[in-house]
Amino acid sequence: MPSTKCVALIGAVVLPFLGAAIPTAPAPVQAQAPAPAAACAPVPSAGSYPKWEKLPKQTTLPDPWLPLAYTTTDSEGGTSPSFAGDVMAGKGKNRIQTPEEWYQCRQPELLQMLQEYQYGYYPDHSQETVKATRSGNTVNIEVTAGGKTGKFSATLALPSTKPAPVVINIGGMSNQPYLQAGIAVVGFDYTSVAADSNSKTGAFWSIYNGKDIGVLTAWAWGFHRVLDAVNATVPEIDPTRVGVTGCSRLGKAALAAGLLDKRITLTMPMSSGVQGLGPYRYHGLSGQDETLENSKSGAGWWTDSTLGTFVNHAENLPYDAHTIAAAIAPRALVIDQGTGDAFTNSKGTAVVVYPAAKLVYDWLGVPDQIAMSVRGGGHCDMSGFNSVLPFAQKILLNQTITKDYNDLGSYGSPMSTTYPWATAVPKPA
């Protein structure tokens, strides 16, 4: 490793990430002739989304193909006694009908809706300047916006083969198997980006204090700024093959990082639980019965204040964890859960969230881009990183693998009764 320093100034450029300003939707993976622009459903402006009182109580997972405008109780037919049942069964009006319409209309709507209801609105990166300085295996990062600066650093671990794909992690991971496979590992101290508390300290809050943004989004921002810096100063890493990971609350953050930046090739949330890929509904299937209520009470700072207004009304949320997963498509997602996890609802993630999200991936024509890794072991067991490694090799190294990531192990089969709209998946014209 050279001992000389490498300094890069990354100007206020617009990167292909999904922030507060809704961008052009990504093209479907398979090249097709351009479709006529869809007439998208109206989307509320920030801060004017319907409150829980205007949303039907949905005891099953919400229909991912139904725009929010046709879910509210003040929409056409909303006062009918059958309205909630129709919405849950995939019989709502004006559902998304084609993958093209999904990418043009529904995916951007989901990205804004999830920021409104859960994450808080991501800062405008076009107003930021990122300065990266590399010295050996350390990259120091300075981000400046609005005359304020936040600083933190990342640490590199590089394989012998270069340029290599990379997995960026927080909280630590099992490095050696990845390095031996030819995948670089980059870590950063998430607490230097944002404290895991209401203290509003760290690089993110040095710039954005006063914003109603969850700490999960602040940590996601940290992932993205590390990627900026790595791309500018580490030629040994291939910027087109990028994974992000973390475990437990840090898995929730990795999920947010993958959701909000299209440069992320593979999202790898480990034992992520509620506010990650644990369901708000069907929360008691395993673990400690982690709910919106007890997670908001224990660490309300993870998400924005709007989510707190749904405490005791989680079944009125117009989305669930499967919606977050589906919004990442067509990019890759592998979900880790251990059957011995005493904290998170591993079974709910495996038999409810994963199969519901996979229906959307299948419909979009990318069934092999989503995977469920059910393993033995407990919460944040390091064996989880070994369990998802074959899928990472498939996505980041284009390797053929034999492991079956549709195998839900001792959990058995999907609970299809939890997503009754499965019988009403839109069919091509």
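The paragraphs below set out a description of the structure included in this document. Being a predicted model, the structure only gives us computed values, none of them experimental.

### Some points on the overall build of the chain
Alright, step 1. Looking only at helices and strands, one finds 12 helices and 10 strands in the chain.
Alright, step 2. For the chain, the C-alpha atoms occupy an extent of roughly 70 × 50 × 50 Å along the three principal directions.
Alright, step 3. For the chain, with 429 residues in total, the buried portion stands at 57%.
Alright, step 4. Restricting the contact set of the chain to residue pairs at least 6 apart, pairs at least 24 apart contribute 73%.
Alright, step 5. When the accessible surface of the chain is split by element, carbon and sulfur atoms take 52% of a total near 15800 Å².

### Structural notes on the side chain of Thr418
Alright, step 1. Tracing the backbone through its elements, the reader meets Thr418 in the segment after helix 12 (383-397).
Alright, step 2. What makes Thr418 buried here is its relative accessible area of 1%.
Alright, step 3. There is a polar contact of 2.6 Å between the side chain of Thr418 and the backbone oxygen of Met415.
Alright, step 4. Dropping the residues within four chain positions of it, Thr418 is found in contact with Thr60, Leu61, Tyr282 and Val352.

### Concerning empty space enclosed by the protein
Alright, step 1. Under the definition given, this model contains three cavities of 30 Å³ or more.
Alright, step 2. Looking at the largest cavity, its volume works out to about 60 Å³.
Alright, step 3. Surrounding the largest cavity, Gln58, Pro62, Asp63, Leu66, Pro67, Leu68, Thr71, Val87, Arg106, Met113 and Pro318 form its lining.

### Considerations on unusual backbone geometry
Alright, step 1. Of the consecutive residues Lys162 and Pro163, the connecting peptide bond is found in the cis state with omega at -5°.
Alright, step 2. Among the structural elements, Pro163 can be located in the loop between strand 4 (148-157) and strand 5 (164-169).
Alright, step 3. In this chain, Ala329 is followed by Pro330 through a cis amide linkage whose omega measures 15°.
Alright, step 4. Following the sequence through the fold, Pro330 ends up in the loop between helix 10 (321-328) and strand 9 (332-338).
Alright, step 5. One non-glycine residue with positive phi stands out, namely Ser248, at about 60°.

### Here's the deal with helix 6 (residues 215-233)
Alright, step 1. The terminal C-alpha atoms of helix 6, which comprises 19 residues, lie 27 Å apart, in line with the 27 Å expected from a rise of 1.5 Å per residue.
Alright, step 2. Counting buried residues in helix 6 gives 17 out of 19 residues, a clear majority hidden from the surface.

### Quick word on the pairing of strand 8 (residues 266-270)
Alright, step 1. Burial analysis of strand 8 places five of its five residues in the buried class, the great majority of the element.
Alright, step 2. Across five bridges, strand 7 (residues 237-247) lies against strand 8 in parallel orientation. Looking across to strand 8, one finds that Val244 is bridged to Thr267.
Alright, step 3. Read as a crossover between parallel neighbours, the route from strand 7 over helix 7 (residues 249-259) to strand 8 is right-handed.
Alright, step 4. In the sheet, strand 8 pairs with strand 9 via three bridges, with the strands oriented parallel. Its bridge partner being in strand 9, Leu266 is matched across the sheet by Ala332.

### Remarks on the state of the cysteines
Alright, step 1. Per the stated rule, a full pass over the model turns up two disulfides.
Alright, step 2. The residue that forms a disulfide with Cys40 is Cys105, at a sulfur-sulfur distance of 2.0 Å. Taking the torsion about the sulfur-sulfur bond, which here is approximately -75°, the covalent link between Cys40 and Cys105 counts as left-handed. With Cys40 in the loop between strand 1 (5-10) and helix 1 (83-88) and Cys105 in helix 2 (residues 99-119), this residue pair connects regions lying 65 residues apart in the sequence.
Alright, step 3. For Cys247, the disulfide goes to Cys380, at an S-S distance of 2.2 Å. The S-S bond linking Cys247 to Cys380 shows a torsion near -110°; that makes this disulfide left-handed. In this pair, Cys247 is assigned in strand 7 and Cys380 in the loop between strand 10 (370-375) and helix 12, connecting sequence segments 133 residues apart.
Alright, step 4. Judged by relative accessible area, which is 12%, Cys247 ranks as buried.
Alright, step 5. Sequence-ordered numbering of the bonded cysteines in the chain gives a disulfide pattern of 1-2, 3-4.

### With respect to the packing of helix 6 against helix 7
Alright, step 1. Relative orientation of the contacting elements helix 6 and helix 7 amounts to 60°, with a least axis distance of 8 Å. One way to sum up the angle between helix 6 and helix 7 is to call them oblique. In this structure, helix 6 meets helix 7 at a crossing whose hand is right-handed. Mapping the contact onto sequence places Leu216, Trp219, Ala220, Phe223 and His224 in helix 6 and Arg249, Leu250, Lys252, Ala253, Ala254, Ala256 and Ala257 in helix 7.

### Thoughts on the pairing of strand 3 (residues 138-145)
Alright, step 1. Because side chains alternate across strand 3, one face comprises the buried residues Val139, Ile141, Val143 and Ala145, and the other comprises Thr138, Asn140, Glu142 and Thr144, none of which is buried.
Alright, step 2. Sheet topology note: the strand 2 (residues 129-135)/strand 3 ladder contains seven bridges and is antiparallel. Directly across from Arg134, in strand 3, lies its bridge partner Val139.
Alright, step 3. Joining the antiparallel neighbours strand 2 and strand 3 is a turn of two residues, in which Gly136 adopts a positive phi near 65°.

### As for helix 10
Alright, step 1. Burial runs high along helix 10: eight of the eight residues are buried.
Alright, step 2. Along helix 10, the positions that sit buried rather than exposed are Ala321, His322, Thr323, Ile324, Ala325, Ala326, Ala327 and Ile328.
Alright, step 3. Of the surrounding elements, those touching the buried residues of helix 10 are helix 2, helix 7, strand 8, strand 9 and helix 11 (346-363).

Calculation rules
- Residues numbered from 1 in each chain as written.
- Predicted model: local features only at pLDDT ≥ 70, side-chain atom pairs only at ≥ 80, totals over all residues.
- Heavy atoms only, no water.
- Helix = DSSP H or I, 4+ residues; strand = E, 2+ residues; numbered from the N terminus.
- Buried < 20%, exposed > 50% of the residue type's maximum accessible area, 1.4 Å probe, protein only.
- Contact = heavy atoms within 4.5 Å.
- Areas by Shrake-Rupley, 256 points an atom, 1.4 Å probe, with all protein chains shown as cover.
- Polar contact = N/O pair within 3.5 Å; in protein donor to acceptor, adjacent residues only side chain to side chain.
- 1 Å grid on protein atoms, 1.4 Å probe; cavity = no way out; pocket = protein on both sides within 12 Å on 5 of 7 lines; lining within 4 Å.
- Points joined across faces, edges and corners; volume = space filled by probe spheres on them.
- Expected span 1.5 Å × (residues − 1).
- Pairing = 2+ DSSP bridges.
- Right-handed = clockwise from strand over helix to strand, strands pointing away.
- Disulfide = S-S within 2.5 Å.
- Axes fitted to C-alpha atoms, helices over the stretch in contact; angles between N-to-C directions.
- Parallel < 35°, antiparallel > 145°, perpendicular 65-115°, else oblique.
- Left-handed = near helix turned anticlockwise from the far one by under 90°.

Any functional reading would require information that these geometric values do not contain.
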